[in-house]
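# Summary of structural features
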Amino acid sequence: MSITMRKTFLLSALMACALSAYATQGAAIPDDAIGLSKSSVYEDPDPIVVNYRGGDVGTNKRAQRSYHTAPPMITHSIVDMVPIRQDFNLCKDCHVQPDLLKEKITQGMPVPAPVSHYANVKKGEMHMARWNCTQCHAPQADVKTLVNNTFRKAR
Ligand code: HEC
Ligand code: HEC
């Protein structure tokens, strides 16, 4: 092999390598297979309309907790209460009631948010890290699970 031939051989070998790397990179994941959504990430479909379970506030039995310290499920309908905004939080009006913490809660009464939810319990000052209630407390609806899992309720 002459020097020029060797050079050409090396060059084409390098080119082949670069091309195959390019080919793997080029095999892009289709944009409807990136997330859990079955449509393209560039589409913004309207969310499915869900009928939440639970009647008006004060008419429901409290739900069983899934595990110790789990944020309890919202038992009532929250239609017209969401989205919670900086200047709009109806949840707080019923649940941030430190005076009720000492009382026995019977059916129909709003369950007071626990001590952990206040910056100052005595003054009834809510902790701002708890402002967005639905970040942790979820309403209930009969829907198919997005991803199956094997979680079981603690006994
Ligand atoms: C008008 C008063 C009122 C408003 C507003 C309200 N709730 Fe309630 N909430 C209640 C009452 C009363 C209960 C007792 C159970 C029932 O009737 O559903 C309750 C129950 C709950 C529970 C279950 C507590 C437990 O320990 O079982 C959670 C969680 C909850 N509400 C969260 C919220 C969130 C989050 C919002 C705002 C999106 C909200 N509530 C708005 C009155 C209210
Ligand atoms: C960062 C998560 C988080 C946020 C935000 C949050 N909570 Fe909670 N909440 C919890 C957890 C966790 C518990 C259970 C605490 C426990 O068992 O010690 C709880 C318990 C409660 C309870 C049940 C109290 C009881 O005695 O059974 C009520 C009512 C409640 N929260 C209401 C609210 C309301 C109303 C808001 C918004 C103003 C809110 N929470 C925001 C996590 C959160």
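From a predicted model like this one, the values you see are computed outputs, not experimental measurements.

### Some thoughts on the site of ligand 1
Lining the immediate surroundings of ligand 1 are 22 residues, of which Thr75, His76, Cys91, Cys94 and His95 lie closest. In the environment of ligand 1, an oxygen atom lies 3.0 Å from a nitrogen or oxygen atom belonging to the side chain of Arg62. Within the side chain of His76, a nitrogen or oxygen atom sits 2.9 Å from a nitrogen atom of ligand 1. Here the shell around ligand 1 is composed, by residue class, of 13 nonpolar, eight polar and one charged.

### Quick word on the environment of His68
Looking at where His68 falls in the secondary structure, it is placed in the loop between α1 (3-26) and α2 (90-95). Overall, the relative accessible area of 72% leaves His68 in the exposed class.

### A short note on a nonpolar patch on the surface
Side chains of Ile29, Ile34, Val41 and Tyr42 sit close together on the surface and give an oily, nonpolar patch of about 490 Å² of accessible area. Within the secondary structure layout, Ile34 lies in the loop between α1 and α2. Judged by its relative accessible area of 54%, Ile34 falls in the exposed class.

### Re the coordination of the iron atom of ligand 1
Four donors placed tetrahedrally around a metal ideally meet at 109.5 degrees, and six donors placed octahedrally ideally meet at 90 or 180 degrees. Within the first shell, the iron atom of ligand 1 binds the protein through His76 (NE2) and His95 (NE2), at distances of 2.0 to 2.1 Å. Classification of the site at the iron atom of ligand 1 rests on its six donor atoms, whose angles at the metal span 88 to 178°, yielding the label octahedral. Pair noted here: His76 is in the loop between α1 and α2 and His95 is in helix α2, with a separation of 19 residues, a long-range link. For His95, a relative accessible area of 26% translates into the label partly exposed.

### Quick look at the coordination of the iron atom of ligand 2
Taken together, the protein donors to the iron atom of ligand 2 comprise His117 (NE2) and His137 (NE2), at separations of 2.0 Å. Around the iron atom of ligand 2, the six donor atoms sit at angles spanning 88 to 178°, and that spread fits a shape best called octahedral. Of this pair, His117 sits in the loop between α2 and β1 (118-120) while His137 sits in the segment after β2 (125-126); the two residues are 20 residues apart in sequence, bridging distant segments of the chain. Taken individually, His117 and His137 each receive the classification buried, so the pair is uniform in this respect.

### Brief notes about the side chain of Asn60
Here Asn60 lies in the loop between α1 and α2. Among the polar contacts made by the side chain of Asn60, one reaches the main-chain carbonyl oxygen of Asp56 at a distance of 3.1 Å.

Cut-offs applied
- Residues numbered from 1 in each chain as written.
- Chains lettered and ligands numbered in written order.
- Predicted model: local features only at pLDDT ≥ 70, side-chain atom pairs only at ≥ 80, totals over all residues.
- Heavy atoms only, no water.
- Near = heavy atom within 4 Å.
- Polar contact = N/O pair within 3.5 Å; in protein donor to acceptor, adjacent residues only side chain to side chain.
- Nonpolar A, V, L, I, M, F, W, Y, C, P; charged D, E, K, R; others polar.
- Helix = DSSP H or I, 4+ residues; strand = E, 2+ residues; numbered from the N terminus.
- Buried < 20%, exposed > 50% of the residue type's maximum accessible area, 1.4 Å probe, protein only.
- Patch = residues over 30% accessible without salt bridge, like charges linked within 9 Å, V, L, I, M, F, W, Y side chains within 5 Å.
- Areas by Shrake-Rupley, 256 points an atom, 1.4 Å probe, with all protein chains shown as cover.
- Salt bridge = Lys/Arg side-chain N within 4 Å of Asp/Glu carboxyl O.
- Donors = N, O, S within 2.8 Å, 3.2 Å for Na, K, Ca; no water.
- Tetrahedral: all angles 85-135°; square planar, octahedral: opposite > 155°, others 65-115°.

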